[in-house]
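Topology and contacts: notes
Spelled out from the first residue to the last, the chains are:
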Amino acid sequence: MLIVMDAHASPAQIADVCRAIEQLGYVPHAMPGPTRTAIGITGNKGPIEESQTLTRFPGVREIIRVTSPYKLVSREFREADTLVQVGAAVFGGPTVAVIGGPCTVESREQTLTVAAHVRELGAVALRGGAYKPRTSPYAFNGLGEQGLRILAEARAATGLPIVTEVMDVETLPLVLEYADMLQIGARNMQNYPLLRAAGRANRPVLLKRGFAATVKDLLLAAEYILSEGNQQVVLCERGIRTFDDSARFTLDIGAIPIIKQLSHLPVIVDPSHASGRADRVIPLARAAIAAGADGLIVEVHHDPLHAQCDGEQALLPSAFAQMMDECGKIAAAVGRTL
Ligand code: PEP
Ligand code: MN
């Protein structure tokens, strides 16, 4: 259920309604919007019988029943697009935000080199994994805290905020010491304890769609994070498994306008993991912007042949420059900037 407050409702009136919701044994979630505040209610099993009492509170405009299974992430709850700010980067606004960087932090030299390139070419955040979820237990699985320290150094050198993956609840406190944005990867999209812990962390989250997850699964996973109080979530379409194995994954471009209709959260696209090949990354990136994505996350390496991880799909800085140029034109064609 959603309580829509009057545009001029005072903070005290909003607080009174929240208190009344708590007294009824439910959880209030105040969501300030550009014109008015809405208060979401969770914790109820069905229609709230006492809703009539809540209508009588000063400042309450109307009460709306939310019919979707996800509530806080839905457009029904919040009509306006949510903006997620990470350093100077904003996801969900008129500017398409691009995150660039290596798949994984391999060394100080490699990370600083790639960071300088992507910054120069217009990326607004740096990606790089210190904890890598690898399909094989024998593959390189990241430098751990040393990798986080290198990322912090790259941030100091470039000014770019850092986006890095957290794989489990145990390492979350350590990752929080370094990351500007927590990445929850496709393989962990349904790690519910991790989602809840990220929901309690005061840090933006990049939530990647699991490769066998429906849009509804993704939105419900995001709901876990919002239900713990963290509204700073960016969703990411990164390709799913279908009957077709001609690409590493199948980029679900159609999911972008669907998610934008169903949810107020920003959605970005990862054309690197979807395609699995550098020569197919740029067309997918172009398509993502044309379809309304709020940003991209793209793997870049200055020496892909010697990359420890995902070298086949890493763009050289020159290709990243081309991608930025082409996507900039497409962004302009759909009324945005890059
Ligand atoms: C990544 O972005 O480094 C990654 C492992 O992606 P995904 O979780 O989408 O496979
Ligand atoms: Mn990768």
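The structure we're discussing is the one just above.
Here's a quick rundown of the structure. Sequence positions are assigned chain by chain, starting from 1 and proceeding in written order. The naming scheme follows written order: chains are lettered A onward, ligands numbered 1 onward. It should be noted that, the model being predicted, local features are given only for residues of pLDDT at least 70 and side-chain atom pairs only at 80 or more, the latter also being counted only at that level, while totals for whole chains, interfaces and linings use all residues. Hydrogen atoms and water are omitted, and side-chain values are computed over all heavy atoms in the structure.

**Overview of the packing of aromatic side chains**
The description of an aromatic ring pair rests on the distance of the ring centres and on the angle between the ring planes. Under the pairing criterion, centres of Phe, Tyr and Trp rings, with the six-membered ring standing for Trp, must be within 6.5 Å; the plane angle then separates stacked pairs below 30 degrees from edge-to-face pairs above 60, leaving the rest tilted. Scanning the model with the defined rule gives two aromatic pairs in all. Arranged with centres 4.4 Å apart and planes meeting at 25°, the rings of Tyr 192 and Tyr 224 form a pair that is stacked. Here the residue Tyr 192 occupies a position in helix H6 (residues 192–200), and Tyr 224 occupies one in helix H7 (residues 215–227), the gap between them amounting to 32 residues. Owing to a relative accessible area of 30%, Tyr 192 belongs among the partly exposed residues under this scheme. Partly exposed residues are those whose accessible area sits between 20% and 50% of the maximum for their type, while under 20% is buried and over 50% is exposed, using a 1.4 Å probe and protein chains only. For Tyr 224, a relative accessible area of 25% puts it in the partly exposed group. Consider the rings of Phe 211 and Phe 249, whose centres lie 5.1 Å apart with planes at 25°: the pair is stacked. With Phe 211 in the loop between strand S11 (205–208) and H7 and Phe 249 in the loop between strand S12 (233–237) and helix H8 (255–262), this pair connects stretches of sequence that are 38 residues apart. A cation over an aromatic ring shows up here: Arg 238 above the ring of Phe 249, its NZ or CZ 4.1 Å from the ring centre. Only when the NZ of Lys or the CZ of Arg is both within 6 Å of the ring centre and within 35 degrees of the ring normal is a charge said to sit over the ring. Residue placement shows Arg 241 over the ring face of Phe 211; its charged tip is 4.8 Å from the ring centre. Note on conventions: DSSP H or I runs of at least 4 residues are helices, E runs of at least 2 residues are strands, and numbering of each starts at the N terminus.

**A word on the environment of Ala 221**
With respect to the element layout, Ala 221 can be found in helix H7. The spatial distance from the C-alpha of Ala 221 to the C-alpha of Val 73 is 9.8 Å, given a sequence separation of 148 residues. Residue contacts for Ala 221: discarding those within four places in its chain leaves Met 189, Leu 195 and Leu 207. Throughout, a residue-residue contact means that at least one pair of heavy atoms, one from each residue, lies within 4.5 Å.

**Some thoughts on the coordination of the manganese ion (ligand 2)**
Surrounding the manganese ion (ligand 2) are the protein donor atoms Cys 103 (SG), His 273 (NE2), Glu 299 (OE) and Asp 310 (OD), which sit 2.0 to 2.4 Å from the metal. Read in sequence order, the donor residues coordinating the manganese ion (ligand 2) give the pattern C-x169-H-x25-E-x10-D. One end of the pair, His 273, is in helix H9 (residues 271–275); the other, Glu 299, is in strand S14 (residues 295–299), with 26 residues separating them in the sequence. On the basis of relative accessibility, which here comes to 1%, the residue Glu 299 falls in the buried class. Atoms of type N, O and S within 2.8 Å of a metal are treated as its donors, and for Na, K and Ca the window is 3.2 Å; water is not considered, so some sites may appear to be missing partners.

**Focus on the site of ligand 1**
We define proximity as follows: a residue is near a molecule or strand when any one of its heavy atoms falls within 4 Å of that partner. Near ligand 1, the surroundings consist of Arg 127, Lys 132, Glu 165, Gln 183, Gly 185, Ala 186, Arg 187, Lys 208, Arg 238 and His 273. Definition of a polar contact: a pair of N or O atoms within 3.5 Å, with one able to donate and the other able to accept a hydrogen when the atoms are protein atoms, and with sequence-neighbouring residues admitted only if both atoms are side-chain atoms. Contacts to ligand 1 include Arg 127, whose side-chain N or O atom sits 2.7 Å from an oxygen atom. At a separation of 2.9 Å, an oxygen atom of ligand 1 approaches a polar side-chain atom of Gln 183. Protein chains shield 97% of the accessible area of ligand 1, which is 290 Å² for the free molecule. Asp, Glu, Lys and Arg are counted as charged, while Ala, Val, Leu, Ile, Met, Phe, Trp, Tyr, Cys and Pro are counted as nonpolar; the rest, among them Gly, fall into the polar class. Among the residues forming the shell around ligand 1, the class breakdown is one nonpolar, three polar and six charged. Areas reported here follow the Shrake-Rupley algorithm with a probe of radius 1.4 Å; residue values treat only the protein chains shown as occluding.

**Some remarks on the pairing of strand S9 (residues 162–165)**
Across the two faces of S9 the burial is the same, with Ile 162 and Thr 164 and Val 163 and Glu 165 all buried. Pairing between strand S8 (residues 125–127) and S9: two bridges, direction parallel. The residue of S9 that forms the bridge with Leu 126 is Ile 162. Seen with the strands pointing away from the viewer, any crossover whose path from the first strand over the helix to the second strand runs clockwise is right-handed. Each parallel crossover has a hand, and for S8 linked through helix H4 (residues 145–158) to S9 it is right-handed. In this scheme, strands are said to pair when DSSP sees at least two bridges between them. Relative to strand S10 (residues 181–184), S9 is paired through three bridges, and the arrangement is parallel. The partner of Thr 164 across the bridge, within S10, is Leu 182.

**Regarding H6**
Turning to H6, its buried residues are Leu 194, Leu 195, Ala 197, Ala 198 and Gly 199. Packed against the buried residues of H6 are helix H5 (172–176), S10, S11 and H7.

**As for the sheet that holds strand S13 (residues 267–269)**
Taken in spatial order, the eight strands close into a barrel running S7-S8-S9-S10-S11-S12-S13-S14, and their pairing is parallel. Neighbouring strand axes in the sheet, compared pairwise and without regard to direction, differ in orientation by 25° on average. Two elements, S11 and S12, share four bridges in a ladder whose sense is parallel. Counted as the bridge partner of Leu 206 is Val 234 from S12. Fitted lines through C-alpha atoms give the axes, limited to the stretch in contact for helices. The angle between two N-to-C directions lies from 0 to 180 degrees. Lying on the sheet, H6 is in contact with S10 and S11; it crosses S10 at an angle near 170°.

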